[in-house]
Amino acid sequence: MAKPDTAPRSTAPRPKMKNLRKQPGFDTMAWACLVFLYAPIIVLIIFSFNDNRSVVLWTEFSFRWYTAAFENEGIRKATMVSLKVAGVATVFATIFATMAALATTRNPPFKGQALVYAIINQPLMVPEIVTAVATLAFFSIIKQLTGINGIGYLMLAHTVFCVPFAYMPIRARLEDMNLTLEQAAADLYATPVQVFRKVTLPLMAPGIVAGAMLAFVVSLDDVIITLLVGGPGETTLPIYILGQIRRGITPEINAVSTLLLVLSVVLVSLFFFLGNRKK
Amino acid sequence: MAQNGVSQGADTHKNMILAEGVVKTFGQGEHMVTALDNVSVTIRQNEFFTLLGPSGCGKTTLLRLIAGFDLPDRGNILLDGQEIGHLPPYKRPVNTVFQNYALFPHMSVARNIGFGLEMQGRPAKEISEATDRMLALVQMEHLADRQTDQLSGGQQQRVALARALAPHPKVLLLDEPLSALDLKLRKEMQIELKRLQHETGITFVFVTHDQEEALTMSDRIAVMSAGDILQVGPPKEIYNNPARRFVADFIGDINILEADLTSGDTQATLPGGARINAILPNSWAPTGRVNVAIRPEDMALTQPGADNAALHGTVQNIVYFGSGHNVHVALDSGLDIIVRCAGTSHEVGALVGITLPDAVQVLVD
Amino acid sequence: MTQSSFITPAQQAESDAKLAAAKAQTDADARRRRLQLLSPSVLLIGIFGLFPLTITLIYSFLSPGSYGGVTWEFSTNAYVQFLFEADIFDDTLSFSTTYLSIFSRSIGLALVATVGALIIGFPTAYFIASKRPEQRNFWLFLITLPFWTNLLIRTYAILLIIRDEGIINLGLMGVGITDKPIGILYTDFAVFMGLIYSYLPFMVLPLYASLEKLDFRLVEAAYDLYASRFQVLRHIIIPMAKPGIVAGCILVFIPGLGAYITPELLGGGKDLMIGNLIALQFGGSRNWPFGSAAALILMVVVMLSLIVYVRHAGKGGASHG
């Protein structure tokens, strides 16, 4: 409508009015925000390749601390625990989330749907520290009653908070998918089971993969719940790193942190570009 | 055969679809919408049957009930003598061409076309032969291995047709399949669809809101409005003898005039006193004030006071539309009407006489 | 219009019955499928996510066990302890602000961090929203990426640069602004910075979602009606972005309030926040009832903020269609 050249003639033309969308200083702030977000991470990554033991001054490029990290028994064990917990939590959370997403998008709306959403998203709404202590209290009762111990509790706790993260992209994917494709398949003599296998499942697969990746990343990164719920010998990689940081900074931790960081970045980037390509 | 708009040859064709007393509502309580209000219709074997009406008239709902995507609240739907109203879509020998084509994006063109036969568990050889035959039928052989998202709109349209025809259904349902195409392609596809229907001998049920499309392609048209079928007949009958005011208004330009009809009289009296033969809708004999319909092209302008001038008026406006002119005339009786002529020597403000056709259609409101 | 000649009454009854059966079957199928598909996640989260919260409530009214856990003895001590201090010798209660001040400090820090995140996040979100669509996605990706990386490691990265031997202090000393490290680490400022750093993406995303919908013709119309840039910002852009501002503030405030890692690493443990206080009761201090009570009080504060949010979101949604 009101282009600059149709503006009232009486006001003298101002050169800075060229881009009406811009606000002064906003661009600078956005770039500063980006620097703020990335600078600490980049410094961490750079110093993980520093040969110097003191972790202060740059001396020489080296993979020394990566080698040391790989040879460190504690890191190796913690990595295995992390992968086990994240793997189990991802598999179950993704299956449950997929089923729930199908029920909330591929079925007629029902009474209590809002309640179901609220329950599924509950782990996102309660502060993590509260979830952590509540879970700890609950598990301690179960442990007392049954006498059963083990890493299963930690896996269970992770599965619970992974479900909403897996659910989000799967549901989004299903909502984007046109129902007429499934109707077309039914019209072409596919039974409900065949419709699911031949049409729904292949088309929702990118959403499932994305959900699984998010669940995996979220489980891998968890600190608070693992810290409280995890028993002795159930040290995940972040808990190991936390313990080391408390004891004092070592370049080995920089190397492990960098690796964990890179893993998350790769998975999330995949998720992002997978999602974008499909649109 | 059915291609030439045979209207009264019912006994040469058996009925393919019988819908009787079909009621369908959506929503509940205050928000309840009646999409189909006690609809009955008969569709014959091997005809090109069109459901025509504005959006929200219930035409797509009727199609979806025949396809099995929704179940009717009440009423019977028979296909080839069999009750199908209660069956799920995959148990009905009926296929659909969707408005947005609904091609499976994760399958090639050939697999899309063979999908129906694959689901029916036909042998691989039969599927590939039928697929090839269908590809040839819609002239898409060269694109068999393409992914469907690499096709143009017209090509997707052809694949959707081939996919729905491949299992050789008893009835093909088409839900506004041409609405996404541009005008030129749409005209081509209209002819193509007629050809396919002729070659396959399958009954086509076509849904559209485009009256021109309906008149061009159909053997018979059912005009729908507000969940009801108002008139069923061949295109010419629908166009020339609209029985209802809505049908007359919806299809083409038309002038609707008030006239007087006395009991037992075959002629109506127009305002200004001119008398004209009246065509009455079936089994309906109104008297008194009625509405009559006259197409603009059935009238002509003449000199005021000429012998054949039944009406008189003043030219208000002349609108040129390419192949002719619409002349808007204010009648002496106060009504505005449109007369269509190829060329005109009259000018705005001129007094003109208007000639009428031999007979006019009387409308039911 | 209807001529029933081709269907006899008997056939009619039969077909009506079939139709009714088909409908009942469809409904029953939908119900059964829904039950089967939803029960795993609803049961899982219901039992292991929701139910434990009631256990916390019960625990907060019990007495602490000597080695962690609880003894099943009713007591309101956990809540009394929150406000009063028992004298070690004669058990008389005197009002104490120790825990209240931890709560108010936490709320204060979370609030300040929220405002800080808004000041950084708003221009950033506006900048992204005014980009071309294909660039917007990439910027959003850059802003959200850190969120998906490990919070502990990101906090550790902050620690690395702000500690006395970190590059900030080395840089300042290098150019001669100061000759000894300015102590940033283990201060409230460090926690404040860490909180902004941790939850900034939560601020930018909802702000962007609001600003992206902003119709820039409205901005042009305001300029056309003699508004200055600042007036446009104040009277057009900010009011339109209000739902996003409220959502962003809530999304930063809630996790900021319950933060554990940030104050643990950057606050150095001497200035507690609620999160650390709670965790401490389940660890070294071993007072589970008191920890449960603190967790519940935190929950209440969070729920109150959520109610504020829902109220505002409802209003904002209505006025913007």
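Residues numbered from 1 in each chain as written. Chains lettered and ligands numbered in written order. Predicted model: local features only at pLDDT ≥ 70, side-chain atom pairs only at ≥ 80, totals over all residues. Heavy atoms only, no water.

Novice: So what's going on with the packing of aromatic side chains? Residues and values would help.
Specialist: Here the structure, examined in full by the defined rule, presents 39 aromatic pairs over all chains. Consider the rings of Phe147(C) and Trp148(C), whose centres lie 4.8 Å apart with planes at 65 degrees: the pair is edge-to-face. A relative accessible area of 24% places Phe147(C) in the partly exposed class. Residue Trp148(C) is classed as buried on the basis of its relative accessible area, which comes to 13%. Ring plane angle 10 degrees and centroid distance 6.0 Å describe the contact between Tyr199(C) and Phe202(C), whose orientation is recorded as stacked. Taken as a pair, Tyr199(C) and Phe202(C) lie in helix H7 (residues 188-212) at a separation of three residues, close to a single helical turn. What makes Phe202(C) partly exposed here is its relative accessible area of 22%. Taken together, Phe138(A), Phe139(A), Tyr153(A), Phe48(C) and Phe51(C) form an aromatic cluster joined through their ring pairs. Cation over ring: Lys143(A) sits above Tyr153(A), and NZ or CZ is 4.9 Å from the ring centre. The cationic tip of Arg295(B) hangs over the ring face of Tyr239(B); the distance from NZ or CZ to the ring centre is 3.8 Å. (Phe/Tyr/Trp six-rings, centres within 6.5 Å; stacked < 30°, edge-to-face > 60°. Buried < 20%, exposed > 50% of the residue type's maximum accessible area, 1.4 Å probe, protein only. Helix = DSSP H or I, 4+ residues; strand = E, 2+ residues; numbered from the N terminus. Lys NZ or Arg CZ within 6 Å of the ring centre and 35° of its normal.)

Novice: Summarise the interface of chain C and chain A; cite the residues concerned and give the values.
Specialist: The interface of chain C with chain A comprises 82 residues on the first partner and 90 residues on the second. Summing both partners gives a buried area of about 8200 Å² for chain C against chain A, and 79% of it is carried by carbon and sulfur. Scanning the region where chain C abuts chain A turns up one salt bridge. Between Glu264(C) and Arg246(A) there is a salt bridge, and its shortest N-O distance comes to 2.6 Å. The element contributing the most residues to the side of chain C that touches chain A is helix H1 (residues 9-59) of chain C, with 22 residues. (Contact = heavy atoms within 4.5 Å. Buried area = accessible area lost by both parts, 1.4 Å probe. Salt bridge = Lys/Arg side-chain N within 4 Å of Asp/Glu carboxyl O.)

Novice: So what's going on with the interface of chain A and chain B? Residues and values would help.
Specialist: Taken together, the contacts link 18 residues of chain A with 28 residues of chain B. Regarding the contact of chain A and chain B, the summed buried area is about 1900 Å², with carbon and sulfur atoms giving 65% of it. It is Asp187(A), Leu188(A) and Tyr189(A) that lose the most area in chain A upon contact with chain B, and together they represent 40% of the buried surface on that side. The tally of links between chain A and chain B comes to one salt bridge. Taking the shortest distance from any N to any O, the salt bridge between Lys198(A) and Glu118(B) comes out at 3.1 Å. Counting across the interface, chain A meets chain B through seven residue pairs in polar contact (both at pLDDT 80 or more). (Polar contact = N/O pair within 3.5 Å; in protein donor to acceptor, adjacent residues only side chain to side chain.)

Novice: Could you give an account of the pattern of salt bridges, with specific residues and numbers?
Specialist: Working definition: two side chains of opposite charge can pair if their charged atoms are close together. Using the criterion set out here, one finds 31 salt bridges over all chains in the structure. In this structure, the salt-bridge partner of Lys14(B) is Asp80(B), at a minimum N-O distance of 2.9 Å. A residue pair is termed long-range when its members are at least 10 positions apart, and Lys14(B) in the segment before strand E1 (15-26) and Asp80(B) in the loop between strand E4 (74-79) and strand E5 (82-83) qualify at 66 residues. Classification of Lys14(B) as partly exposed rests on a relative accessible area of 43%. You can call Asp80(B) partly exposed: its relative accessible area is 23%. Residues Glu212(C) and Arg136(C) are paired through a salt bridge, measuring 3.8 Å at the closest nitrogen-oxygen approach. On the criterion of sequence distance, the pair formed by Glu212(C) in helix H7 and Arg136(C) in helix H4 (residues 133-148) is long-range, its members being 76 residues apart. Taking the relative accessible area as the measure of exposure, Arg136(C) reaches 14% and is therefore buried. Here the salt bridges do not stand alone but share partners, grouping Arg158(B), Glu192(B), Arg195(B) and Glu199(B) into one network.

Novice: Can you explain the confidence of the model for chain C? Please cite residues and give values.
Specialist: Residues and elements named next belong to chain C. Per-residue pLDDT for chain C averages 85, and the proportion of residues at 70 or more is 94%. Confidence scores differ between elements of chain C, with strand E3 (residues 84-86) showing the lowest mean pLDDT of 77 and helix H3 (residues 98-129) the highest of 92. The low-confidence segment residues 316-321, where pLDDT is below 50, has four contacts with residues more than four positions distant or belonging to other chains. Here the predicted complex scores 0.84 on pTM and 0.85 on ipTM. (pLDDT = per-residue confidence, 0-100.)

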